[in-house]
Structure formats: C-alpha cells, structure tokens
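# Geometric and topological summary
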Amino acid sequence: MEQPKRKRGRKPKKPSPENMDYQLSNPTPTDIEIHTEPETQTYRRGHRRTRKHAGEPDAEIAASPERRSSRFADHSNGDLPAVTEDLDRVEKVMPSMDAVVKVFCVHTEPNFSLPWQRKRQYSSSSSGFVIGGRRVLTNAHSVEHYTQVKLKKRGSDTKYLATVLAIGTECDIAMLTVSDDEFWEGVSPVEFGDLPALQDAVTVVGYPIGGDTISVTSGVVSRIEILSYVHGSTELLGLQIDAAINSGNSGGPAFNDKGICVGIAFQSLKHEDVENIGYVIPTPVIMHFIQDYKKNGTYTGFPILGVEWQKTENPDLRVSMGMGSDQKGVRIKRIEPTAPESHLLKPSDVILSFDGVNIANDGTVPFRHGERIGFSYLVSQKYTGDSALVKVLRNSKMLEFNIKLATHKRLIPAHIKGEPPSYYIVAGFVFTPVSVPYLRSEYGKEYEFDAPVKLLDKHLHAMAQTIDEQLVVVSQVLVADINIGYEDIVNTQVLAFNGKPVKNLESLVSLVENCKDEFMKFDLDYEQIVVLQTKNAKAATLDILTTHCIPSAMSADLKA
C-alpha cells in the first residue's frame, strides 16, 4: 500500500468542513479535502471550541438564490427534450423510491479528552433503503455512536425502532433491521445492478436538508477509481458523479436509468473551485459488506496485503532490482509486522502479480476496457482470512507465495469500533491510548497540523509490532499536591515503567497495580521522567477522583 503524498509547510486552503468531525487520517494526495456527507440535526453545546455537527448549516456551502437559478439553467438548458429525458428517468426510478426510508438517529459520543464521561447527545437524520432479508442499508457515519435509531417510510407518519446489525467503518455502510412486521408491509426491496460505465445516468434518492419529503437528483458517472473513504480512513473503489449530494442524502441509494441500485451516496467534495461532485459506494463494495455479514454473522472488514510499496517506473531502479525488460511490478518498502504471514515476503521483493493478475510498474492492473485501477482493488475483493497467490521477484529469482490476508492493525486506530475509550488514573496522571478520535478531540479538525510532531509521525508512519500494541500517553495531569512540578505534562508518550517497556494500557495498569517498589518511575518521551512514592501516590488517587467527580480510577474494560 503506497503512502499518499503529504504536503508540508503552509496550510492548504481548505473547504468549509461539512461533516461530524470526520477527517482523513491519511490525507488525499491533493490539497482538496473530501468530507463525508452530514445529516440534518439539532445543535448542541460545544466543549472548549466551537464545533460544527452533522447538519449544521455552512455559510459557504448554502446555495444562494443566484446559484440555484444557474444550477437549474445548467440542468435544463432551456431544452424541452432534456427535461423530458430527465422525467422519463425519474419515472423508471419511481417504483424503487418506496424502498427509500428516512433514518433518525440519536448519538451520544464519547468524550475522548475526559474519557470517564460522554458528550451531550444530539440527533441527526439521513437516508437509507430496504434490501432483501428484511434489512435496511445506510451509512456507518449516520449511526455512529448511536443510542437510538428510528426509520420512517415514504408517505408514512410512523417512526419504527430499528436495530443495528452491523457497522462497517471502513466502507461506511451500516445494516439495520426492524422487528415490527408492519414496517415491511407494502415495501419491495431494491435490486442491485452491476458497476455502471462512465457517462451512465444515475439518480440519487434521499431526504436531504431543505425539506421533509423525498428528493431526487440526477447526473452521470464521471469517474470510477480507488477513492479515499473519509469516515473509514481507507481507500476502496468508488464512483464520482455530478448529481447533487447534500446534507441528509447520506445512505440513500443511487439508481441507474432502469431503476436498479448501483450504489449508496456517502460523501461529497466541497471546494471553491469545484461544483456538484458527489461520491457513491459502488455495488462491489456493498456486496462485499453484505456477504461478509452473511458469512461471518458480523462485519470483519476489508483485508490488506500488509505491505507498503513503491513504484518502479525508473528504469535504473528496475535494473538494480534484477527486473528484465519484460517484467513489471512494484517494490516492497516495508512489511506490516502484524500481517499473518509477514515472514514470507521481504523488503525489496518485487510484486509481479496478485492472484494471476500482472501488476504494472505504477501499481495498477487492468480494470475494464480502456481503464486501469490500483491493484489494492484486487485485495479488497477478498475476505478476511482468504488466501491469495502472490508472485514476487527476489534476487532475480521468481517465487510464489500463498499469502493469508487480514485486516489492517494500526498503531493509532482510526476508530474504536463504538467502544468507550480506555483510561487509567493514578496520582492524578490520566493515561489513555492514542486514536484518531482522541487526536481530533484534543486538537480539533486541524489535528494533522496542531498535534505534537512525534505523535503525528507515529500516526502517519509507525507500524504496530504486535496485535495488542498501543501508543499510551499521559493525557493530562489532574493537579494535586502529590504531582507538584508535573502539571504541564500533556499528551506525552509513556515508554517504560520502572525499567519495563509499556506495551499497551493494560500492561501499564498491571505494572502499576502490582508495584511493590518504594518509588514509581515513568519514562516518558523527550527523555522526561516522572518519579512518585508508590504508597503516597496510590493513597492520593482516591481523593483526586472524588475532587473531580470521577467514578473510577480505570475504565470498565481494564477491570475485567
């Protein structure tokens, strides 16, 4: 997996943010930032800084009357045949529109900066649609940190309680169901079609901001490629369309001109230099999610090969790697230590093919007639635990390996899968593992510029050495007499305790709780140390918890 190029130096001019704090952990190669579609929702009190939530109007994004009129003129062009063609397309979609539902969700997000409590709840609305097997699909970000989910059918005045069956953070898809039989009466599930071709007509149906009734927008497929999925911080196959995708469209289906579903609307690009660029999750990704759930009874994710690679477009590089004039491939830079069979491949191996498909020097493979796509697409078609035949060139010799594929284990995870954050407090020192939501909570949406450089370096480049490895930091120090002089320690990594390396938060808790030495010594990053008398430190903890109204010195997952 090639690391995306990162621009440093002056901050790029960014579009106005339009999603619930979702942002790429690995930014797109350009300085245009993609944001997931928000849902219309109520406002809530902010914490420390003004935060915009999923449906909060954006002054730059809201269309002015002039833009609306010009947009109408662009679509119709004053040409009656064009209007008739659009009406015909909508009529073909009409039978499937009854399967589109409105999703109401109440969210209660964890407070990563104060992990023993949660933030004020807020509500949102988005779109979804009925599929076979009494299931409903929507976006994962539409039901993230949910406490209650309700669905309303088109033309109905009743909201039905829904159960969340699976949430796929990487692909931004969630599966719901409703136990009330009345909900399913008179509803026909949508049918899924094949991947559309360029210039194929698409119609996006949903419940966007601006009204309560169903909305239909039309456009064409303008691009098919590997896209950055903002919510999941992953790269998967996606469709770019020119149909308007607005706040609340998230989770709604995209139909072709025959009324067959070809994708799910999930994010859009807002920038001063572009207009009407929306993105759709295509059917191969959707079917992977559905089959994964059917196969395993839960969502297991999209596997990766577990390598970082570089292009071999330079002829001198190819010669030095022992590649012949007729050989093409990509060079392995690094191998994930947590990959199931990381011992098989080696750095500087040249990957020639994946499952019999030859890989070009730029890392692409044939896709369809006249099209090429990144070979990560082939990997994403597999399921967790599947094997793939990988042909490599090593020291001018061709070798073949049957590689078992697994999901990506990040040292700093992009999500915590809906679980409350872990924490541990002793003598006022708050220890917690670092995650992308934690960085965003501490430094805001610009965390990739404002967070400490060492944390960012580990976030972008470090690899977990073991499955259970975590990056543990002193989040803050709750001031008390016992910790005088240490009050300014903030977000500094804990490297060792009494000379023993800290592997994760659980290991740190075990070391501290079982410490019989007279002093506790924490080795921190930047060659900093913290020394406390063990007996006094543990005795002071209870008073500090009481002062700050903290119910427990550790999170529930560490008590087990």
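The rules behind each value
Residues numbered from 1 in each chain as written. Predicted model: local features only at pLDDT ≥ 70, side-chain atom pairs only at ≥ 80, totals over all residues. Heavy atoms only, no water. Patch = residues over 30% accessible without salt bridge, like charges linked within 9 Å, V, L, I, M, F, W, Y side chains within 5 Å. Areas by Shrake-Rupley, 256 points an atom, 1.4 Å probe, with all protein chains shown as cover. Salt bridge = Lys/Arg side-chain N within 4 Å of Asp/Glu carboxyl O. Helix = DSSP H or I, 4+ residues; strand = E, 2+ residues; numbered from the N terminus. Contact = heavy atoms within 4.5 Å. Phe/Tyr/Trp six-rings, centres within 6.5 Å; stacked < 30°, edge-to-face > 60°. Buried < 20%, exposed > 50% of the residue type's maximum accessible area, 1.4 Å probe, protein only. Lys NZ or Arg CZ within 6 Å of the ring centre and 35° of its normal.

## Structural notes on a nonpolar patch on the surface
Together, Phe519, Ile529 and Val531 make up a nonpolar patch on the protein surface, roughly 240 Å² of accessible area in all. Among the structural elements, Phe519 can be located in strand β29 (residues 519-524).

## Some words on the environment of Leu161
Among the secondary structure elements, Leu161 is positioned in strand β7 (residues 159-161). When the C-alpha positions of Leu161 and Lys150 are compared, they lie 4.5 Å apart, and in sequence the two are eleven residues distant. With sequence-adjacent residues up to four places away left out, Leu161 is seen in contact with Gln148, Val149, Lys150, Thr177 and Val178.

## Description of the packing of aromatic side chains
This structure, assessed with the given rule, holds 14 aromatic pairs. An angle of 70 degrees between the planes, with centres 5.3 Å apart, marks the rings of Tyr160 and Phe183 as edge-to-face. In this pair, Tyr160 is assigned in strand β7 and Phe183 in the loop between β9 (173-177) and β10 (201-206), connecting sequence segments 23 residues apart. When sorted by exposure, Tyr160 lands in the same class as Phe183, which is buried. Clustering of aromatic rings is evident, with ring pairs tying together Tyr424, Phe429, Phe431, Tyr486, Phe497 and Phe522. Here Lys153 stacks its cationic end above the ring of Phe183, 5.8 Å away from the centre of that ring.

## Things to note about the pattern of salt bridges
Applying the stated rule across the entire model yields 14 salt bridges. Residue Asp386 pairs with Lys295 through a salt bridge whose shortest N-O separation is 3.7 Å. With Asp386 in the loop between α5 (376-380) and β22 (387-394) and Lys295 in helix α3 (residues 283-296), this residue pair connects regions lying 91 residues apart in the sequence. Since its relative accessible area comes to 22%, Asp386 is described here as partly exposed.

## A short note on unusual backbone geometry
The backbone phi angle of Ser348 is positive, close to 80 degrees, even though this residue is not glycine. When you line up the elements, Ser348 lands in the loop between β17 (330-335) and β18 (350-354). For Asn395, which is not glycine, the phi torsion reads 55 degrees and is therefore positive. Position of Asn395 relative to the elements: it lies in the loop between β22 and β23 (397-404). In this structure Asn395 comes out as exposed when scored by relative accessible area, which is 68%.

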